[in-house]
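An overview of the molecular structure
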Amino acid sequence: MWNNRRDVPKVRLMRETSPMFARRSISPARYRDIARAALWLLAFIIVTGAAVRLSGSGLGCSDWPTCENDQLVAEVHDVHAMVEFVNRLITGLVSAAVIAAVLGSMARSPRRRDLTALSWGLVAGVIAQILIGALVVQEHLPPSLVITHFLVSMVLVWNALVLHHRAGLPEQRPAPRRRAGIEPVVRLLTLLASVVLVTGTLVTGAGPHSGSETEATKRALQAQGVDVSKLDPGQLEVERLPFDVPDVARVHGVTVMAFLAVTLWLLFRLRRSSADADLFARAQTLVALIVTQAAIGYLQYFTDVPPLLVGIHVAGATAVWVATIVLHLNTRQPLPATPTTRSTRPQATTAGAALAE
Ligand code: HEM
């Protein structure tokens, strides 16, 4: 029956009318909830991943996927192993959320191919991250891999934001709103946000928070059968990027200033048009986030990068990235005033509210 093309409408009819299939289909609003959950978890794991690095627990579990050799779960008394292990559990939650996004997109009524493709993008990204994470541990936290791990997570958040945004658009997508003079500025803004993220990771790669202390590195090497007594003390240190921290922090700071300047320029361009009130509000939020994030950046720089502040800085970087992408998405294809979601609230203006919207 499935091979007969003439039967396809019958099959479709069955899917739409049969109680068995009807039970399995979900509404667009429910699907958007699933996409939102995946987005939150993907943003959350960036901060918990940073907590692993900042607490020096990067090699807390010296093996992968087991924590130690044949032991899957970390020892309760070993704090570093526990921190790393809990982060691996959160990876499990993230994996479940992206699989739910794929299954949900197939059960969504009406079904949309773009949503399924974007959900598969999340699954592919999470698989890539699991493999990169394994390499990070096996290679003892080289900065190049730690940076790749962080940046791929930001790409995943981007993918999740596009999915969540598209899931809120009507089935017949409205024509993109054309905004000569605004779109190129927003594109430049997004590019600069990416440059800021990359330069930030370079500062981290050169800085003191490598993710492991000498003792943990020693234990990880021993677990791999290396005779550590034959190594120089330098070989027990986690590799750092060959940059002077003040130099690379200056480059990071300059890219932030360029990013801020372009956001202010956008705000100036948007201020007069009442049709752009939603974008103006989003750009205002972005400015507030950048200024706060820059203040935290300078504070941590002048106080020798205390782990807690660096953790807040990573959370702030995620919020700035979310606010930038939300602004970008709404520039071309704003969500309708009465979206296909249940929400009847006015458009959100903070990054957190953007996630909740
Ligand atoms: C929009 C504003 C900013 C954003 C989005 C941002 C983003 C980032 C990111 C993504 C990282 C890497 C985090 C990691 O790899 O775990 C980072 C690190 C860093 N940023 Fe920023 N940053 C901003 C402003 C600033 C400013 C103005 C400064 C002042 C110099 C600064 C100082 C630092 C320092 C010192 C680090 C390294 C911290 C460490 O040792 O791990 N940031 N930033």
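Calculation notes
Residues numbered from 1 in each chain as written. Predicted model: local features only at pLDDT ≥ 70, side-chain atom pairs only at ≥ 80, totals over all residues. Helix = DSSP H or I, 4+ residues; strand = E, 2+ residues; numbered from the N terminus. Buried ≥ 20, exposed ≤ 12 C-beta atoms within 10 Å, placed from the backbone. Contact = placed C-beta atoms within 7 Å. Expected span 1.5 Å × (residues − 1). Near = placed C-beta within 6 Å. Nonpolar A, V, L, I, M, F, W, Y, C, P; charged D, E, K, R; others polar. Core = buried A, V, L, I, M, F, W, Y, C linked by C-beta atoms within 7 Å. Axes fitted to C-alpha atoms, helices over the stretch in contact; angles between N-to-C directions. Parallel < 35°, antiparallel > 145°, perpendicular 65-115°, else oblique. Left-handed = near helix turned anticlockwise from the far one by under 90°. pLDDT = per-residue confidence, 0-100.

1. Details of the overall build of the protein chain
In terms of helices and strands, the protein chain carries twelve helices and zero strands. Taken from the N to the C terminus, the helices and strands of the protein chain come in the order α-α-α-α-α-α-α-α-α-α-α-α. Of all 357 residues assigned to the protein chain, the portion counted as buried reaches 37%. Residue pairs in contact within the protein chain that sit at least 24 positions apart in sequence constitute 76% of those at least 6 positions apart.

2. Details of helix 7 (residues 183-206)
Taking 1.5 Å per residue as the helical rise, helix 7 with its 24 residues ought to reach 34 Å, and the 35 Å between its terminal C-alpha atoms agrees with that figure. Listed as buried for helix 7 are Val186, Leu189, Leu192, Ala193, Val196, Leu197, Gly200, Thr201, Val203, Thr204 and Gly205. Buried residues in helix 7 make contact with helix 6 (143-167), helix 9 (245-270) and helix 11 (307-332).

3. What to know about the site of the ligand
Around the ligand there are 28 residues in total, and Gly200, Thr204, Gly207, Gly297 and Ala317 lie nearest to it. Contributions of two or more residues to the shell around the ligand are made by helix 7, helix 9, helix 10 (277-302) and helix 11. The element contributing the most residues to the shell around the ligand is helix 10, with seven residues. When the residues that make up the shell around the ligand are grouped by side-chain class, the tally is 17 nonpolar, eleven polar and no charged.

4. Details of the nonpolar core
Ala38, Leu42, Val157 and Ala160 are the most contacted members of the largest nonpolar core, which has 64 residues in total. When residues of this core are assigned to their parent elements, the largest contribution, twelve residues, is made by helix 11. Contact partners of alanine 160, with chain neighbours within four places excluded, come to Ala35, Ala38, Leu39, Leu42 and Leu122. Ranked by size, the runner-up nonpolar core spans five residues in total, among them Cys61, Ala74, Ala81 and Phe85.

5. Some points on the packing of helix 5 (residues 113-138) against helix 6
Viewed as axis vectors pointing N to C, helix 5 and helix 6 meet at an angle of 165 degrees, and their least axial separation amounts to 10 Å. Classified by the angle their axes make, helix 5 and helix 6 are roughly antiparallel. Helix-helix and strand crossings are classified by hand; for helix 5 and helix 6 the assignment is left-handed.

6. Examining unusual backbone geometry
Of all residues except glycine, most have a negative phi; of all peptide bonds, most are trans. With omega at 0 degrees, the peptide bond leading from serine 109 into proline 110 counts as cis. Along the chain, proline 110 falls in the loop between helix 4 (79-107) and helix 5. Here aspartate 304, not a glycine, exhibits a phi torsion of approximately 60 degrees, which is positive. Mapped onto the elements of the fold, aspartate 304 is located in the loop between helix 10 and helix 11. With 9 C-beta atoms packed within 10 Å, aspartate 304 lands in the exposed category. The backbone of valine 305 shows a phi angle near 40 degrees, a positive value even though the residue is not glycine. Looking at the secondary structure, you find valine 305 in the loop between helix 10 and helix 11. With 19 C-beta atoms packed within 10 Å, valine 305 lands in the partly exposed category.

7. Quick notes on the confidence of the model for the protein chain
The predicted model of the protein chain averages 87 in pLDDT, with 87% of residues at 70 or higher. Long-range and interchain partners of residues 1-8, a stretch whose pLDDT sits below 50, account for one contact in this model, where long-range means more than four residues apart. Predicted confidence is poor over residues 339-350, with pLDDT under 50, and the contacts of this stretch with residues over four places away or in other chains come to 19 contacts.

8. Here we look at the packing of helix 9 against helix 10
One way to put it is that helix 9 packs onto helix 10 with a least axis distance of 10 Å and a crossing angle of 160 degrees. Classified by the angle between their axes, helix 9 and helix 10 sit roughly antiparallel to one another. For the element pair helix 9 and helix 10, the recorded crossing hand is left-handed. Only Leu279, Phe280, Ala283, Gln284, Leu286, Val287, Ile290, Ala294 and Tyr301 of helix 10 make contact with helix 9, whose side of the interface consists of Ala249, Val256, Phe259, Leu260, Thr263, Leu264, Leu266, Leu267 and Leu270. Split by residue class, the contact of helix 9 with helix 10 holds 16 nonpolar, two polar and no charged.

9. Thoughts on the environment of alanine 117
Residue position: alanine 117 is located in helix 5. Sequence separation of alanine 117 and serine 105 is twelve residues, and the distance between their C-alpha atoms is 9.0 Å.

10. Quick word on the environment of alanine 315
Tracing the sequence through the fold places alanine 315 in helix 11. Counting along the chain gives 267 residues from alanine 315 to threonine 48, while the straight-line C-alpha distance between them is 9.5 Å.

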